[in-house]
There are 2 protein chains.
Amino acid sequence: MSIRVGIYGYGNLGRGVECALKQNPDMELAAVFTRRNPATVTVLTEGVKVYHTDEAKNMADEIDVMILCGGSATDLPVQTPEVGKYFNTVNSFDTHAKIPEHFQAVDAAAKEGGKVSLISVGWDPGMFSLNRLYAEAILPEGEAYTFWGKGVSQGHSDAIRRVEGVKDGKQYTIPKEEALEAVRSGNNPALTTREKHLRECFVVPEEGADLQKIEETIKTMPNYFADYDTIVHFISEEELKRDHSEIPHGGFVIRSGKSGWEKEHTHIIEYSLKLDSNPEFTSAVLVAYARAAYRMNQEGQSGCRTVFDVAPSYLSAKSAEELRSHLL
Amino acid sequence: MSIRVGIYGYGNLGRGVECALKQNPDMELAAVFTRRNPATVTVLTEGVKVYHTDEAKNMADEIDVMILCGGSATDLPVQTPEVGKYFNTVNSFDTHAKIPEHFQAVDAAAKEGGKVSLISVGWDPGMFSLNRLYAEAILPEGEAYTFWGKGVSQGHSDAIRRVEGVKDGKQYTIPKEEALEAVRSGNNPALTTREKHLRECFVVPEEGADLQKIEETIKTMPNYFADYDTIVHFISEEELKRDHSEIPHGGFVIRSGKSGWEKEHTHIIEYSLKLDSNPEFTSAVLVAYARAAYRMNQEGQSGCRTVFDVAPSYLSAKSAEELRSHLL
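Reading guide: rules and limits
- Residues numbered from 1 in each chain as written.
- Chains lettered and ligands numbered in written order.
- Predicted model: local features only at pLDDT ≥ 70, side-chain atom pairs only at ≥ 80, totals over all residues.
- Heavy atoms only, no water.
- Helix = DSSP H or I, 4+ residues; strand = E, 2+ residues; numbered from the N terminus.
- Contact = heavy atoms within 4.5 Å.
- Least-squares fit on C-alpha atoms with pLDDT ≥ 70 in both.
- Phe/Tyr/Trp six-rings, centres within 6.5 Å; stacked < 30°, edge-to-face > 60°.
- Buried < 20%, exposed > 50% of the residue type's maximum accessible area, 1.4 Å probe, protein only.
- Lys NZ or Arg CZ within 6 Å of the ring centre and 35° of its normal.
- Pairing = 2+ DSSP bridges.
- Axes fitted to C-alpha atoms, helices over the stretch in contact; angles between N-to-C directions.
- Patch = residues over 30% accessible without salt bridge, like charges linked within 9 Å, V, L, I, M, F, W, Y side chains within 5 Å.
- Areas by Shrake-Rupley, 256 points an atom, 1.4 Å probe, with all protein chains shown as cover.
- Salt bridge = Lys/Arg side-chain N within 4 Å of Asp/Glu carboxyl O.
- Lys, Arg positive; Asp, Glu negative; His and termini not counted.
- Charge placed at Lys NZ, Arg CZ, Asp CG, Glu CD.
- Parallel < 35°, antiparallel > 145°, perpendicular 65-115°, else oblique.
- Left-handed = near helix turned anticlockwise from the far one by under 90°.
- Nonpolar A, V, L, I, M, F, W, Y, C, P; charged D, E, K, R; others polar.
- 1 Å grid on protein atoms, 1.4 Å probe; cavity = no way out; pocket = protein on both sides within 12 Å on 5 of 7 lines; lining within 4 Å.
- Points joined across faces, edges and corners; volume = space filled by probe spheres on them.

Caption draft 1: Focus on the side chain of B:Ser92. Among the secondary structure elements, B:Ser92 is positioned in the loop between β5 (88–90) and α3 (99–113). Residue contacts for B:Ser92: discarding those within four places in its chain leaves B:Leu13, B:Leu68, B:Ser72, B:Leu76, B:Ser120, B:Val121, B:Thr282 and B:Leu286.

Caption draft 2: Geometry of the relation of the copies chain B and chain A. When chain B is brought onto chain A, the operation consists of a screw motion whose angular component is 180 degrees and whose axial shift is 0.0 Å, with 0.1 Å RMSD remaining. Here the two chains are linked by the operation of a two-fold rotation axis. The rotation axis passes nearest to the C-alpha of B:Ala311 in chain B, at a distance of 1.9 Å.

Caption draft 3: Fine view of the packing of aromatic side chains. Residues and elements named next belong to chain A. Applying the stated rule across the entire model yields 11 aromatic pairs over all chains. Seen in terms of ring centroids, Trp 123 and Phe 128 are 5.3 Å apart; in terms of plane orientation they differ by 80 degrees. Their pairing is edge-to-face. The two residues Trp 123 and Phe 128 agree in class, both being buried. Put simply, the rings of Tyr 8, Phe 33 and Tyr 51 pair up and form one aromatic cluster. Directly above the aromatic system of Tyr 228 lies the positively charged group of Arg 199, at a separation of 4.1 Å from the ring centroid.

Caption draft 4: Molecular detail of the sheet that holds strand β4 (residues 65–68) of chain A. Residues and elements named next belong to chain A. Spatial ordering of the open sheet is given by β3-β2-β1-β4-β5-β6-β14, a layout of seven strands whose pairing is parallel. If you trace the sheet from one side to the other, it starts and ends with β3 (50–52) and β14 (303–305), each paired once. Adjacent strand axes in the sheet meet at a mean angle of 25 degrees, parallel and antiparallel pairs treated alike. Here three bridges tie strand β2 (residues 27–34) to β3, and the two strands are oriented parallel to one another. By the bridge assignment, Thr 34 is partnered in β3 with His 52. Running over the sheet, helix α1 (residues 12–22) touches β1 (3–8), β2 and β4 and is turned about 160 degrees from β1. Where helix α2 (residues 75–84) meets the sheet, its contacts fall on β1, β4, β5 (88–90) and β6 (116–118), and the angle it forms with β4 comes to roughly 175 degrees.

Caption draft 5: Examining the environment of B:Lys115 more closely. Residue and element names in this part refer to chain B. Tracing the sequence through the fold places Lys 115 in the loop between α3 and β6 (116–118). Each C-alpha atom of the pair Lys 115 and Asp 64 lies 10 Å from the other, and the pair is 51 residues apart in sequence. When sequence neighbours within four positions are dropped, the list of residues in contact with Lys 115 reads Gly 84, Lys 85, Tyr 86, Phe 87, Asn 88, Ala 110, Asn 297, Gln 301, Ser 302 and Gly 303.

Caption draft 6: Region of the structure containing a negative patch on the surface. Together, A:Glu246, A:Asp276, B:Glu262 and B:Glu264 line one region of the surface with negative charge. The topology assignment puts B:Glu264 in the loop between β12 (249–259) and β13 (265–275).

Caption draft 7: Here's a closer look at the sheet that holds strand β2 (residues 27–34) of chain B. Residue and element names in this part refer to chain B. If you trace the seven strands from one edge of the open sheet to the other, you get β3-β2-β1-β4-β5-β6-β14, paired in parallel fashion. On the outer flanks of this sheet lie β3 (50–52) and β14 (303–305), each paired with one strand and no other. Strand-to-strand twist of the sheet, defined as the mean angle between neighbouring strand axes without regard to direction, takes the value 25 degrees. Direction of pairing for β6 relative to β14: parallel, over a ladder of three bridges. Considered in β14, the bridge of Val 116 is made with Gly 303. Contacting β1 (3–8), β4 (65–68), β5 and β6, helix α2 (residues 75–84) runs over the sheet at an angle of about 175 degrees to β4. Strand contacts of helix α10 (residues 278–298): β1, β2, β4, β5, β6 and β14, with the helix running at about 155 degrees to β5, the strand carrying the most contacts.

Caption draft 8: Examining the packing of helix α1 (residues 12–22) of chain B against α10(B) more closely. All names here are of chain B. Their axes nearest at 8 Å, the elements α1 and α10 cross at an angle of 60 degrees. Classified by the angle between their axes, α1 and α10 sit oblique to one another. In this structure, α1 crosses over α10, and the sense of that crossing is right-handed. Every residue of α10 that contacts α1 at Asn 12, Leu 13, Gly 16, Val 17, Ala 20 and Leu 21 is listed here: Pro 279, Glu 280, Thr 282, Ser 283, Ala 284, Leu 286 and Val 287. Grouping the amino acids of the contact of α1 with α10 by side-chain chemistry returns eight nonpolar, four polar and one charged.

Caption draft 9: Geometry of the layout of surface pockets. Residue and element names in this part refer to chain B. In this structure, the largest pocket encloses a volume near 1,400 Å³. Along the wall of the largest pocket there are 50 residues; nearest its centre are Ser 72, Ser 92, Asp 94, Gln 154 and Asn 278. Elements with a minimum of two residues in the lining of the largest pocket: α1, β2, α2, β7 (142–148), α5 (154–161), α7 (193–196), β10 (197–205) and α10. Across the lining of the largest pocket, the residue classes tally to 16 nonpolar, 26 polar and eight charged. Of the volumes computed, that of the second largest pocket is approximately 1,200 Å³.

Caption draft 10: Spotlight on the environment of B:Cys19. On the secondary structure map, B:Cys19 appears in helix α1. On a C-alpha basis, the gap between B:Cys19 and B:Gln171 in space is 26 Å, while along the polypeptide they are 152 residues apart.

Set out below in structure tokens:
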């Protein structure tokens, strides 16, 4: 019998989960839940029904794990404890500073319901976090570096679009090659914000807008751009649509550490992602961890967990014997 | 109270474990065990005693986890079940084809003794295996590639030294840059053995040896070199000592996979290691997993486990709260 998965929230991430489920024959999409009028939502998978989120609670017997596809700002902090009382859940909560608080709220709800909720699943937090942990545990004396990009930053793109005279825009975060090379050299360089990343903006101005003023406003914007080298390109709406409609992302987690009695040897551990679609990759990670949440609950576990608490074998559809024979 | 670790076998790996323990304040080296006459073995750590391996069984109360530092060919298959009856153990058993059989033997012994034995810990098997598993679970429709090097292959160096007229030699396995780039392009290329790796040999000939014959013999050696592009350099004994006395290694695990309803997006996951010292890095991994073996046993687990079965948090000296706050 396959694992019955519910999608809770049907935007980019929800659609990504739907696509990922198609690649995992031991799982099936059981239902999609939306806050919109279900009649207005059409899903890709044939035969799958769309329900209003209010109906979820009554379907605890039909869903083995619910993948929460809302946003971290307002959706997930409320939805996860609510839904986590009735279902095993997985979410991609990515407000790093609020993870401890979110963990507490979700843990209480999941324990009350006897379910497992996995939070902060994706690539950062998620796969990048795992790689930070593994590398630090192996090389405790060393330095860790995380670089993001090349990829689209939603927050920075939104910031551009709020500038007066800007019709539309996209921002790419780009790790600086010199910084990457300095880290890979094993010299544990101290890098400033400006030295690590570059910000490249593609801006569609409104007709007759003051381009120089737009550029100046962007480049000096505190928190978002002031601490970075920022490049601003003005392009047409057509160019933006043609060349910048995808949502690529990625990045690097690099740790450089020492070994030997006198720390005479240096080691570099590097993990990197190059993603054509940020939401689809995040969804693919969510689906693998949905399998884990279900299995951990089947074993009698309950409460909130993160990627740190999940043994890798739980993610794979393969048996322990197969894994040992073919992947070890 | 710190975790008391025993080192079982004191060669390159055992010394590496000793060095790694110095970097982990929650663990201490409790004793070193050797098959040699203990009086002839001097360890680096002050105040630590050396015992004969025969004495180990009587010291079950003094050691929390034993790190087995013997070789995979003959030592570990015998030692691990023997020692695993009395101690939590970690080993670096790396004969991939014999892992299932080794698992069975160790599992029975560890269950009998109520202990946890972690086998095949290191970087391949070990960290590379983990990365193969994580990447495959996230991107089930894709291809995985493992490249080794640049690094010294002990087996191939031994093969060179067995050639008539060769006094000494070292062999480096080198991944081909074109192959790495082809994989990173996301095109899932089919690569032959020759296309993936290059073999570079540094050979010290005996005086008056027939160099052409040595080169020919190496390049046509079945299994070891015949299927590869092989470069042979003749150097002096001094040059070998000066330039080739270290044991560097490393490699790459790359998975390229698809997402999207029509598989329209490509993702590349890459993990790489660049190691100054192969045995010291392996030792560092063994020590992190020794912490895990001890903790899992403290929780009441027993039996044989691999890296696939160990939740990442068990490897870190930090608490779950610290990990969530600082590494997630």
